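If you want the building blocks of each chain, they are given just below.
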Amino acid sequence: LISTPHGSTNPQWSTSEMGEARAGNVHHVEEMTSGQRLFVFIVYTQIVQALMSYDGGATQFCTSALAKEGWSPVWLGMLGAMDKFGQVATAFVWGGVLMRHDTKPLLVVGLFWKATCCLVFGKLQEQPVTTVMKLLMLSAKLGMGITEALISVWATVWVQRNAPHDARARWLGFAGTSAGIGNGVGSGMASLWNPIYAFFLQAFILFVIWASLLLTPARFFRFGGPMQPSEHGDSEDGDTLMPDLQFGSQMLVQQVMRGVAGAVHHENIVTLESMKMPGHYLDASDEPLDHGFKVRITKGDTTNGTWSQFKMTQAEHDVGLTSFESVRLPGHFLDVSGESLGWRDTRVKVRISEFEHEGAEEEEGKIAEHSSIAWAYYRLRSVGSERGLFHIESERLPGFYLNATGEKMTRGTRVCMAKEDPNVADWAVFKIQDVTGNYEGPVAVDFSAEATMLGRLSLLLKNPIWLFTAMAISLNCFVTSGISFMWQNTIDNVWGMGNAWSYFLFIFSTGIGGLVGVVVGPKIFDQMLGGFVFPQGKARCLLWAKRMTFLAALCSTACTVLMVEKSAHLVYSNEQSVVYWQLAVLVFCIFGIFFCINSITGTLYGINTESVNEEARPFAAGLTVSFQNVFGYAFGPLLPSVVSQVVGSCVRDYWPQWPWNQEAVDGAKYAAGMSYALASTWVLFFFARKAAVSARLAHISLRSYSQSFRSASGFREPLSPSLTG
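Per-chain numbering applies: the sequence of each chain, read as written, is numbered from 1 onward. Note on the predicted model: pLDDT of at least 70 is required for a residue's local features to be given, and 80 or more for side-chain atom pairs to be given and counted; whole-chain, interface and lining totals, by contrast, use all residues. With hydrogens and water excluded, all non-hydrogen atoms of the structure serve as input to the side-chain values.

K.L.:
I'm lost on the overall build of the protein chain in this one. Help?
P.N.:
Only runs of H or I of at least four residues qualify as helices and only runs of E of at least two qualify as strands under DSSP, and these elements are numbered from the N terminus. Counting its regular elements, the protein chain contains 18 helices and twelve strands. Here the term buried applies to any residue with accessible area under 20% of the maximum for its type, exposed to any over 50%, and partly exposed to those in between, with areas from a 1.4 Å probe on protein chains only. When each of the 725 residues of the protein chain is scored for burial, the buried share is 58%. By definition, residues are in contact when any of their heavy atoms lie within 4.5 Å. Sequence-distant contacts, at least 24 apart, represent 77% of the contacts inside the protein chain between residues at least 6 apart. About 29300 Å² of surface is accessible on the protein chain, with carbon and sulfur atoms providing 61% of the total. Surface accessibility follows the Shrake-Rupley procedure with a 1.4 Å probe radius. Residue values consider only the protein chains on display as shielding.

Below, the structure written as structure tokens:
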């Protein structure tokens, strides 16, 4: 899904705004003042969001008491996950409802229902523990989640529409901070005061905010009027369509494309088939390297996509020189890197690379020097009498020829440049064939409120940036909720600490670590990287998000190894042993994990929301909430609890006659559960990496479409392709 111009005849209204006006969600005549907007942001998106997470923290610190009353780890995991299942079941439904109806009546009903469920949950804790009471408590938690989804979906879209463009990561990141504060306050009330009265206090505050909501004008809660202009003074849709007009650094790419492909003799779309392996073609993959992308030889259908298609261009200054630009990755050329492949000096690596200017800035319109782009040029040496067969020799490294090695890779076979006799065998022979291949650019889609739910869902799942950022958000939630839920039982059973010390360490490692991350993150993404309004910004921000998750994964690896070793030692020794330096390592590593995760949360939410059309955003936000709750907040407490239960049961089942020390078994099983929650940070890194690659590819494709758009508008003379022998 790509934001494209909607073609509205009224320049002040987009398609989504007209749809929201019909639903009552846009009040175009009377705008909110900055003070009113700040009031709604603080009270209804931050304080209310904190209260939505408050009961999660309070529940975490009820688990120790409930376990002593007969709740098993699986039942406790279900209790921690049940409100998330409620959010999952209703979030995307709320997204559709918000597209059709005014928001204030929905928020009024939602807050009242949430407050009532909190009150009921507190009353149920006062009753004797029976199976019926357990089921009723699970039902109350489920009811809490139903309206938490409504608040989350509304708040995400409202903040995205009303936050200043240069502070979106900060505003969206505050939601994570508020949730963390609410979780921490709930944990403190339940552990240091009373777990029952903690829920009564939450219900009372929610009823007070509900009363204030009744007195607040309805227009405050609508998603707002037209988007604010960007700092460049252009509309967001226009920027998405023509991103290369907005960034000076991208002018260098335009210069090299003029240097490599601008002044040409002939230009064609071709495939390069290996004669050593017929049916195998040169493949410009979308697997990124530190510089450029991988290239390989792959067997496949050349009509299925543009993976095997290259734009072959002959230079005007020397018709014997040819460049190969990937159609799949516009602006990226076949590149002889010059790096040795293994120990053999006669073989060098090949990749698909984008031009990077070295030295002083070039003036606009200046053709790149031939020497600076020699890596993109090749000489074709005809082979035999059959038309289209060539040896492809590097201009940068004379005597080196493109080599289909036949060596197996994870996908496809290796390709390199080899300094060998090309006439020996057919390793250097490639058949260049003219094909039809035209990129038509992004197509606007109809994502109206009247579209079917399955249709909207299908369109969303086909958007890789939305999908992978949604999964990254979900894994964020999985890691943080899993660690938080396992915290008290792990600290209590492994190190024997009471609630007061457990809560203090919890606030330091997760609360302060997360708060520092939220403060530092926007400085990186909003100020240093320039935000994520444009496609290039999205790609750059997600690259840094990937780096931050990698640091979190390294911290989690240290903790995971520590907790697995601790679990094994407790089983082996069958006695509790307290080693405080291990606790210190755990606390500081979790501090680092929460710092990294919370520093990217706002950016992930912002890019996830902005990766779809205006019409899709309420529904997309609802589905993101569903994802983060089913894959994150629900499975976060549940799966580590299941691992704990399995470890505890297996220890006794394997050695049933052994006189087990219950404290040692409990410590081992909760340490194993915590290690599972920690290790999942690598899955978060996987999805952050996929999101970064998708944003990078989307930026490349949109830039190419922008150039095509400019050419069609008369910015550049189109070239007539013609293949010569």
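K.L.:
Looking at this structure, I do not really get the pattern of salt bridges. What am I missing?
P.N.:
Between side chains of opposite charge, a pair can form when the charged atoms approach closely. The term salt bridge refers to a pairing of a side-chain nitrogen on Lys or Arg with a carboxyl oxygen on Asp or Glu at a separation within 4 Å. Per the counting criterion, the structure on display carries eleven salt bridges. With its nearest N and O atoms 3.6 Å apart, the salt bridge here joins Asp283 to Arg328. Placement of Asp283 in strand S2 (residues 280–288) and of Arg328 in the loop between strand S5 (321–326) and strand S6 (332–341) is noted, with a sequence separation of 45 residues between them. Salt-bridge contacts for Lys669 lead to Asp666; the nearest nitrogen and oxygen are separated by 3.5 Å. Taken together, the residues span about one helical turn, with Lys669 and Asp666 both in helix H17 (residues 662–679) at a distance of three residues. For the pair shown, Lys669 and Asp666 are each scored as buried. Through salt bridges that share partners, Asp283, Glu287, Lys294, Arg296, Arg328 and Arg411 make up one connected network.

K.L.:
Looking at this structure, how should I read helix H13 (residues 499–528)?
P.N.:
Over its 30 residues, H13 extends 41 Å from the first C-alpha to the last, a length consistent with the 44 Å expected when each residue adds 1.5 Å. To get the bend at a given residue, fit one axis to the seven residues ending there, fit another to the seven starting there, and take the angle between those axes. Within H13, the axis deviates most sharply at Ile507, by approximately 30 degrees. Expected helix span is computed as 1.5 Å times (number of residues minus one).

K.L.:
Where do I start with the pairing of strand S8 (residues 378–382) in this structure?
P.N.:
We treat two strands as partners when DSSP finds at least two bridges between them. The sheet contact formed by S5 and S8 spans two bridges and is antiparallel. Directly across from Thr322, in S8, lies its bridge partner Tyr378. Bridge analysis of S8 against strand S9 (residues 389–394) gives five bridges, and the strand direction is antiparallel. Among the inter-strand pairings, Tyr378 is bridged to a residue of S9, identified as Ser394. Adjacent in sequence and paired antiparallel, S8 and S9 are bridged by six residues, among which Gly384 carries a positive phi angle near 65 degrees.

K.L.:
Explain the packing of aromatic side chains to me, please; I cannot follow it from the model alone.
P.N.:
Between two aromatic rings, the relevant description is the distance of the centres plus the angle of the planes. Put simply, two rings from Phe, Tyr or Trp (the six-membered ring, in Trp's case) pair if the centres are within 6.5 Å, and we call them stacked under 30 degrees between planes, edge-to-face over 60, tilted for the rest. Counted under the stated rule, the structure contains 23 aromatic pairs. A ring pair is formed by Phe686 and Phe687, whose centres lie 5.1 Å apart and whose planes are at 75 degrees; its orientation type is edge-to-face. Ring-pair connections join several aromatic residues into one group, and the members of that group are Phe39, Tyr44, Trp154, Trp158 and Phe221. Any Lys NZ or Arg CZ that is within 6 Å of a ring centre and within 35 degrees of that ring's normal is treated as a charge sitting over the ring. The aromatic ring of Phe293 is capped on one face by Arg696, whose charged end is 4.2 Å from the ring centroid.

K.L.:
Sorry, what's going on with the side chain of Thr624 here?
P.N.:
Here Thr624 lies in helix H16 (residues 617–654). N or O atoms within 3.5 Å of each other form a polar contact, as long as, within protein, one can give a hydrogen and the other can take it, and as long as residues adjacent in sequence are counted only when both atoms are side-chain atoms. Reaching out from Thr624, the side chain makes a polar contact with the side chain of Trp466 at a distance of 3.2 Å. Within the structure, Thr624 has its side chain in polar contact with the side chain of Asn608 (distance 2.8 Å). Not counting the four nearest positions on each side in its chain, Thr624 is found in contact with Trp466, Ala470, Ile473 and Asn608.

K.L.:
Before we go on, may I ask you to explain unusual backbone geometry in this structure?
P.N.:
Peptide bonds are mostly trans, and most non-glycine residues show a negative phi. Within the chain, Asn574 stands out as a residue other than glycine whose phi angle is a positive 55 degrees. Here Asn574 falls in the buried class, since its relative accessible area comes to 14%.

K.L.:
Mind showing me how you'd approach the nonpolar core here?
P.N.:
The tendency in soluble globular proteins is for nonpolar side chains to be buried side by side. Within the largest apolar cluster, 116 residues are counted, with the highest numbers of intra-cluster contacts made by Tyr44, Trp154, Ile483, Trp487, Leu586 and Leu678. Per element, the largest residue contribution to this core is 18 residues, and it comes from helix H12 (residues 464–495). Ranked by size, the runner-up nonpolar core spans 30 residues in total, among them Leu272, Val348, Tyr378 and Ile700. Each nonpolar core is a collection of buried residues, namely Ala, Val, Leu, Ile, Met, Phe, Trp, Tyr and Cys, held together in the definition by side-chain atoms within 4.5 Å.

K.L.:
Please explain the pairing of strand S3 (residues 293–299) as it appears in this structure.
P.N.:
Sheet faces and side chains relate simply in a regular strand, where the side chains alternate between the two faces. Within S3, five of the seven residues are buried, which leaves the element mostly enclosed by the surrounding structure. Two strands pair when backbone bridges link them, and S2 and S3 are joined in this way by six bridges, in the antiparallel orientation. Bridge pairing in S3 links Leu282 to Ile297. Connecting S2 to the next strand, S3, in antiparallel fashion are four residues, including Gly292 with a positive phi near 85 degrees.

K.L.:
Teacher, can you tell me more about the packing of H13 against helix H14 (residues 535–573) here?
P.N.:
Geometrically, a packed helix pair is captured by the angle between its two axes and the distance between the axes. Contact geometry for H13 and H14: axes closest at 10 Å, N-to-C directions at 155 degrees. The orientation of H13 with respect to H14, classified from their angle, is roughly antiparallel. Taken as a pair, H13 and H14 cross one another with a handedness that is right-handed. Here H13 contributes Ile524, Phe525 and Met528 to the contact with H14, which in turn contributes Cys541, Trp544 and Ala545. Only Asp, Glu, Lys and Arg are considered charged, only Ala, Val, Leu, Ile, Met, Phe, Trp, Tyr, Cys and Pro nonpolar, and every remaining residue, Gly among them, polar. Classifying every residue of the contact of H13 with H14 by side-chain character gives six nonpolar, no polar and no charged. Note on geometry: axes are lines fitted to C-alpha atoms, helical ones only across the stretch in contact, with angles between N-to-C directions running from 0 to 180 degrees. Angles are sorted into four bins: roughly parallel if under 35 degrees, roughly antiparallel if over 145, roughly perpendicular if 65 to 115, and oblique for all others. When the near helix sits turned anticlockwise from the far one by under a right angle, the crossing is termed left-handed; a clockwise turn instead gives a right-handed crossing.

K.L.:
I tried to follow the environment of Arg219 on my own but got confused; where do I start?
P.N.:
Along the chain, the position of Arg219 falls in the loop between helix H8 (195–215) and helix H9 (236–241). With 117 residues separating them in the primary sequence, Arg219 and Asp102 have C-alpha atoms 9.1 Å apart.

K.L.:
Can you walk me through a nonpolar patch on the surface in this structure?
P.N.:
Taken together, the side chains of Phe550, Leu551, Leu554 and Trp682 make up a nonpolar region of the molecular surface, amounting to roughly 350 Å² of accessible area. The element best represented in the nonpolar patch is H14, accounting for three residues. For Leu554, the location among the structural elements is in helix H14. Leu554 gets classed as partly exposed once you look at its relative accessible area, which sits at 42%. Surface patches are defined over residues having more than 30% relative accessible area and no salt bridge, joining like charges when they lie within 9 Å and nonpolar side chains (Val, Leu, Ile, Met, Phe, Trp, Tyr) when within 5 Å.

K.L.:
What am I meant to see in the side chain of Asn403 here?
P.N.:
Residue position: Asn403 is located in strand S10 (residues 401–408). Those residues in contact with Asn403, other than ones at most four positions away along the chain, are Arg347, Arg414, Val415, Cys416, Ala418, Trp427 and Phe430.

K.L.:
Explain the environment of Leu150 here, please?
P.N.:
Here Leu150 is to be found in helix H6 (residues 131–162). Leu150 sits in the buried class, given a relative accessible area of 0%. As for Leu150 and Thr103, which are separated by 47 residues in sequence, their C-alpha atoms are 9.8 Å apart. Once residues lying within four places of it in the same chain are set aside, the contact partners of Leu150 are Trp94, Leu98, Leu106, Leu107 and Gly110.

K.L.:
Quick question: what am I supposed to make of the packing of H12 against H17 here?
P.N.:
Closest axis-to-axis distance for the H12/H17 pair is 9 Å, and the angle between their directions is 160 degrees. Taken together, the axes of H12 and H17 lie roughly antiparallel to each other. Classified by chirality, the crossing of H17 by H12 is left-handed. Here Phe478, Val479, Gly482, Ile483, Met486, Trp487, Asn489, Thr490, Asn493 and Val494 of H12 lie close against H17, whose contacting residues are Glu663, Asp666, Gly667, Tyr670, Ala671, Gly673, Met674, Tyr676, Ala677 and Leu678. Residues belonging to the contact of H12 with H17 are distributed by class as follows: twelve nonpolar, six polar and two charged.

K.L.:
What am I meant to see in the confidence of the model for the protein chain here?
P.N.:
Low pLDDT means the predicted atomic positions in that stretch should not be read closely. Each residue gets a pLDDT score, which is the predictor's confidence in that residue and runs from 0 to 100. Looking at the protein chain as a whole, its pLDDT mean stands at 74, while 76% of the residues score no less than 70. Here H9 is the element of the protein chain with the lowest mean pLDDT, 38, and H14 is the one with the highest, 89. Note that pLDDT drops below 50 for residues 225–265; the model gives that stretch 121 contacts with residues more than four away or on any other chain. Scored below 50 in pLDDT, residues 357–371 shows 22 contacts in the model against residues more than four places distant or in partner chains.

K.L.:
What's the story with H17 in this structure? I'm lost.
P.N.:
The α-helix winds at 3.6 residues per turn, so residues separated by three or four positions along the chain end up facing the same way. An ideal rise of 1.5 Å per residue puts 26 Å on 18 residues; H17 measures up with 26 Å between its terminal C-alpha atoms. For H17, the buried fraction is high: 14 of the 18 residues fall into the buried class. Sitting at the head of H17, Asn661 places a side-chain oxygen 2.9 Å from the backbone nitrogen of Glu663.

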